[in-house]
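Notes for the structure review
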Amino acid sequence: MSAEPLAHGSLAGTLGKMAVPARMRSAMLRRSLREHPGPAVAGLVGLLAAAWLIRYALHGDRHTLALLAGAWVLGWIVLPLLLGGGRGRVRPTHLRLEPIGGVPAAMGLLAASAIGIGPAVSLVALAALPVHAARHGAVAVLVTASGAALLWLLGLIGSAIALEVVGHAGGPAGALLTGIVTGTAMGVAGSLWAVFPWVSVLLVEAPDTVVRVMEYVPSGWPLSAVAGPPDRGALKMATLVGIVVLCAAAYIMLVRRVIIAGVPFRPRGTTAVPLPSEPRRTTAASPAGNGRGWRGWLPAATRAVAGRELRAWMRHPLRLQYLAFAVVYGALLAGLPLLSDVDLLLPWAGSLAVLGAAAMSAGLVGLDGTALWLPLTTPGGERAEIRGRAIAWLVLVTPIGVLLAVAGVILAPQVDALAALSTLPALLGAGASVPVWMSLLRVRPVADPRHPTSADNPTDIVSVLVATAGGLLAAAPVLALVVWGPPGVTPLLPLVGLLSGAAALWGGIRLADDRLTRRGTEVLAAAGQRSRPPETVIPLKWDAEWYRENKATAWALGLLTVGWIPVIPQGVMPLAFGIDGGWIVAGHLEGGAHTAVGLAMVALGVAMLLTGLVLWDRRPQRAVVVADRSG
C-alpha cells in the first residue's frame, strides 16, 4: 500500500532536482541584468531583427524565409562559442555531486538553457514561420508552429552540445579547429549580407538553386510540409522530430558521461598553456635585450611585453582560436561572393580579417588572471603594458592583413583596390589600441587562466561591437572621401588612411593608459576573480535616490540602450537594405539627402554609444579586494 506514495515521492524528488539548474540559471540571469547593460542591449537588437523577420514573413518568399530561419538557428549554435555565451550557464560539471541520473540532469540543464534573453528572442524570431503559413489556414499554422518549436529545440540542444564538445576542445590543434569551424560557419552566413545584389534578389524570390537546396535543409521542412503533398510533408516533419530526438540522445549521453564517469568530455589539463623548456637567453635581438639593433628605439620594458604577447598568441589556445576565426571569416566574407560572380570584395579581404581580429581581441586581459599585478608594481609598467600589447598585435596581424589584401588585388585586378588598401592602415591603428582599452574597460575573467577553454570566452558582444565600431570610425574619413570627395583627392586616400590609423592608435592608447593608471587595482581585482562582483547595484524599478547618487550610471545605461536605434533602424537598415518609410527619417528623403541623413544617424548612434561607455567607466567605484590567485 505504501508503494504508490513512495513512487509519488520519488517522482517529486526527481522533479525537484531537475528544477535546481533552472533556479540557478534564473539567479545568474537576474544578477547579470542588474550588473551589466550588455544582455539588455543584445536583446533589443535581437528583437529588432526578429521583428523584421516576422514583417518579411507576411509577404516574403517561402524559401528565403526558411533560409533566414536556418541561418538564425545556426547563429544561435555558433555565436555563444565566440561571444562568451558559455558564461553564466549551468553545466553538467555543476551537478557532479548531486544524486541525479543522466536523463533528469540533461532535462534540467536544457530547461536552464531555455531561460535567458537569447532563447526568448529566438522563439519570437521563429514565430515568423507560422505567420507566413497563416495564408494556408489554421491547420498549416499549427503544423508550422510545431516545426518552429522543433527548430527552437534543435538550436537549444545544439548550442548546449557545441559548448560542451567544441568549447572544451583542448590544445592548439583543437583551438585552430574550433576557430576554423566557427569562422567558416559565420563566413557562410555573413556572406549573405555582403552580397547585396544577390540578397535583394533572394528577398524577392529565391533562385532555383536555393529552392533545390532548401528541400534538404531542416529549416525549410515546416513550410514545405504545408505547401507540398501531405505524405511528403508528414515524412519531413517526422524526420525533423527524429533529428531532434537524436540530438537530445547525444546530449543525454554527454551529460551522463560527465556526471557518472566524473570527467568532462575532454580533460581540462590538455589545454594548459605550455611553458618554454629551454632556459631563457637574453640577446640583442630578444625583447629583453640590451636595445641594440633595429629594436633599440623601443624601451626594454615595452619590448619585453611585446615579446610576451607574441609568444602568448602562438601558444594560448583561445588566442589561436580567435586568430584562426578572424582569418577564415575575413577571407570567406570577401571570397564567397565569387559564387555569384561578384569580385568587388576581394581587395577588402585584408581589411575584413583585420577588423575581425580586432573584434576578437577585445577581452584578452581576462585571460591573464592576477598576472596583471606585474605592470602595476613596476615603474612605468602601465605605459609599457599598453604599448607592448599594441605593438605585438600589429606585428602579428599586419602581415596577415597585407597578404590577404595583396591576394585579393591579384585575384581581382580589374577592381579598384585603392579604397581597400587605404582603409587597411586605419583599421590596423584602431585594432591595435581600441581592443586593449576595451579589455581593461570590460574585464571578464575566465574560470581558470591556467587551463582555458573556448567555453570560457572572455569576450562579450558589447566589447566586440565597440571594437568593430572603433575600426569603422577610423576608416570613416577614407570612406567619406571615396563616396563624396572630388576626383582630385583620390591620390590622397593612402595618406588619409595613415593619418586616421595614427590618430586612432594614439587615441586608443591614451584611453587605455588612463584606464589602467586610474583604476588599475579595480582591473586587477576583476581579472583575478571567477565572477566579477557588482560595482554599482542597478535597481529594477525607479529609485529617485539611486538616480541622484548614480547619475553617470543612469545616463550610461540610457545611452547604451537607446544608442542602437540611430545606428541600426535609422542608419543601417535604410542605407544597406533599402528599408524606408514609417518612422525611419531617411526614408522620407531622396538622393544625397537620404544617404547623408542615414550616415548622420549612424554617427549619432556611435557617439551616443561611445559616450555611454565613457560614462560607464566613470561610474561610482566601490572598494574592491584583490583576489589571492596567481594567473
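Residues numbered from 1 in each chain as written. Predicted model: local features only at pLDDT ≥ 70, side-chain atom pairs only at ≥ 80, totals over all residues. Heavy atoms only, no water.

**Thoughts on the overall build of the chain**
So the rule is basically this: By definition, any uninterrupted DSSP run of H or I lasting at least four residues is a helix, any uninterrupted run of E lasting at least two residues is a strand, and each is numbered from the N terminus. For every residue, the accessible area (1.4 Å probe, protein chains only) is compared with the maximum for its type, and the residue is labelled buried under 20%, exposed over 50%, or partly exposed between those bounds. Working definition of accessibility: Shrake-Rupley area with a 1.4 Å probe, residue cover restricted to the visible protein chains.
Across its full length, the chain holds 25 helices and zero strands. For the chain, buried positions account for 47% of its 631 residues. Carbon and sulfur atoms make up 71% of the accessible area of the chain, which totals about 28,800 Å².

**Here we look at helix H21 (residues 520-527)**
The condition is simple: Any two residues whose heavy atoms approach within 4.5 Å are treated as being in contact.
Most of H21 sits inside the fold, with seven of its eight residues counted as buried. Inspection of H21 places Gly520, Glu522, Val523, Leu524, Ala525, Ala526 and Ala527 among the buried residues, and these make up the whole buried set. Packed against the buried residues of H21 are helix H16 (373-376), helix H18 (418-441) and helix H20 (493-518).

**A word on the side chain of Arg389**
As for its placement among the helices and strands, Arg389 is situated in helix H17 (residues 381-411). Once residues within four sequence positions are removed from consideration, Arg389 is found in contact with Val305, Arg308, Glu309, Arg319, Leu364, Val365, Asp368 and Val436.

**Observations regarding the packing of aromatic side chains**
For clarity, the cut-off: Only the six-membered ring of Trp is used, alongside the rings of Phe and Tyr, when aromatic pairs are assigned; centres must lie within 6.5 Å, and planes under 30 degrees apart are stacked while those over 60 apart are edge-to-face, with the rest tilted.
Summed over all chains, the structure comprises three aromatic pairs. Taken together, a centroid distance of 5.8 Å and an interplanar angle of 15 degrees make the contact between Trp52 and Tyr56 stacked. Taken together, the residues Trp52 and Tyr56, both in helix H2 (residues 38-59) and four residues apart, mark about one turn of the helix. With 6.1 Å between their ring centres and 45 degrees between their planes, Trp76 and Trp152 make a pair best called tilted. Taken together, the residues span a long stretch of sequence, with Trp76 in helix H3 (residues 62-82) and Trp152 in helix H7 (residues 138-165) at a distance of 76 residues. Take Trp76: its relative accessible area is 12%, and that puts it in the buried class.

**Quick notes on a nonpolar patch on the surface**
Convention followed: Residues enter patches when their relative accessible area tops 30% and they take part in no salt bridge; the joining distance is 9 Å for like charges and 5 Å for the nonpolar side chains Val, Leu, Ile, Met, Phe, Trp and Tyr. We define a salt bridge as a side-chain nitrogen of Lys or Arg found within 4 Å of a carboxyl oxygen belonging to Asp or Glu.
Together, Val482, Val483, Trp484, Leu575 and Leu599 give the surface a local cluster of nonpolar side chains, amounting to about 440 Å² of exposed area. Following the sequence through the fold, Leu599 ends up in helix H25 (residues 591-617).

**Here we look at the pattern of salt bridges**
The tally for this structure, following the rule as stated, stands at nine salt bridges. For Arg308, the salt bridge is made with Glu309, and the minimal N-O distance between the two is 2.9 Å. By relative accessible area, Arg308 is classed as partly exposed at 35%. When the shortest N-O distance is used, the salt bridge between Asp513 and Arg387 registers 2.8 Å. Of this pair, Asp513 sits in helix H20 while Arg387 sits in helix H17, and the two are 126 residues apart along the sequence. For Arg387, a relative accessible area of 18% puts it in the buried group. When salt bridges with common partners are traced through the structure, they connect Arg308, Glu309, Arg319, Glu385 and Arg389 into a single cluster.

**Points about the environment of Met438**
Mapped onto the secondary structure, Met438 falls in helix H18. Sequence-wise, Met438 and Gly508 are 70 residues apart; in three dimensions their C-alpha atoms are separated by 9.3 Å. In contact with Met438, not counting residues within four places along its chain, are Ala362, Ser463, Val466 and Leu613.

**Considering the packing of helix H14 (residues 317-335) against H17**
So the rule is basically this: An axis is simply a line fitted to the C-alpha atoms; with a helix, the fit covers only the stretch in contact. Between two such axes, the angle follows the N-to-C directions and lies from 0 to 180 degrees. What sets the label is the angle itself: under 35 degrees gives roughly parallel, over 145 gives roughly antiparallel, 65 to 115 gives roughly perpendicular, and the rest give oblique. Handedness of a crossing is defined here by the sense of rotation of the near helix relative to the far one, left-handed for an anticlockwise turn of less than a right angle and right-handed for a clockwise turn. Residues were grouped as follows: Ala, Val, Leu, Ile, Met, Phe, Trp, Tyr, Cys and Pro as nonpolar; Asp, Glu, Lys and Arg as charged; and all remaining residues, including Gly, as polar.
Direction vectors running N to C along H14 and H17 enclose 30 degrees, while the axes themselves pass 12 Å from each other. Taken together, the axes of H14 and H17 lie roughly parallel to each other. Taken as a pair, H14 and H17 cross one another with a handedness that is right-handed. Here H14 contributes Arg319, Leu323 and Val327 to the contact with H17, which in turn contributes Arg389, Leu396, Ile400 and Leu404. Of the residues contributing to the contact of H14 with H17, the split by class is five nonpolar, no polar and two charged.

**Quick notes on the nonpolar core**
For clarity, the cut-off: We call a set of buried Ala, Val, Leu, Ile, Met, Phe, Trp, Tyr and Cys residues a nonpolar core when their side-chain atoms join them within 4.5 Å.
Core analysis: the biggest nonpolar cluster contains 42 residues, and Leu65, Leu126, Leu129, Tyr251 and Val255 have the highest contact counts within it. Counting only elements with at least two residues in this core, the list comes to H2, H3, helix H4 (102-113), helix H5 (117-126), helix H6 (128-133), H7, helix H11 (221-227) and helix H12 (230-261). Here the element with the most residues in this core is H7; it accounts for nine residues. Beyond its immediate sequence surroundings of up to four residues, Val255 is in contact with Pro92, Gly102, Ala105, Ala106 and Leu109. Val41, Val436, Met438 and Leu516 belong to the second largest nonpolar core, which has 31 residues in total.

**Brief notes about helix H13 (residues 300-315)**
In an α-helix, one turn spans 3.6 residues; hence positions three or four apart end up facing the same way. The test is simple: What a helix is expected to span follows from its residue count: subtract one and scale by 1.5 Å.
Look at H13: 23 Å from first C-alpha to last across 16 residues, which is about the 22 Å you get at 1.5 Å a residue. As for H13, its buried residues are in contact with H14 and H17.

**Side note on the packing of H17 against H20**
Relative to each other, H17 and H20 sit at 140 degrees, their axes nearing to 9 Å. What the angle tells us is that H17 and H20 run oblique. Considering how the two elements wind past one another, H17 and H20 form a crossing that is right-handed. Contacts between H17 and H20 involve Glu382, Arg383, Glu385, Ile386, Arg387 and Ala390 from the first element and Leu505, Ile509, Ala512, Asp513, Leu516 and Thr517 from the second.

**Digging into the environment of Pro104**
Note that Pro104 resides in helix H4. A relative accessible area of 18% means that Pro104 is categorised as buried. A sequence separation of 89 residues divides Pro104 from Leu15, and the C-alpha atoms of the two residues are 7.9 Å apart.

**Considering the confidence of the model for the chain**
Inclusion rule: Every residue is assigned a pLDDT by the predictor, reflecting its confidence on a scale from 0 to 100.
Here the chain averages 77 in pLDDT, while 78% of its residues score no lower than 70. Ignoring residues within four places in sequence, the model shows residues 623-631, a span with pLDDT below 50, making 25 contacts including any to other chains.

**Some words on the side chain of Ser500**
In this fold, Ser500 is placed in helix H20. The residues contacting Ser500, other than those within four sequence positions of it, are Ala426, Ala474 and Pro477.

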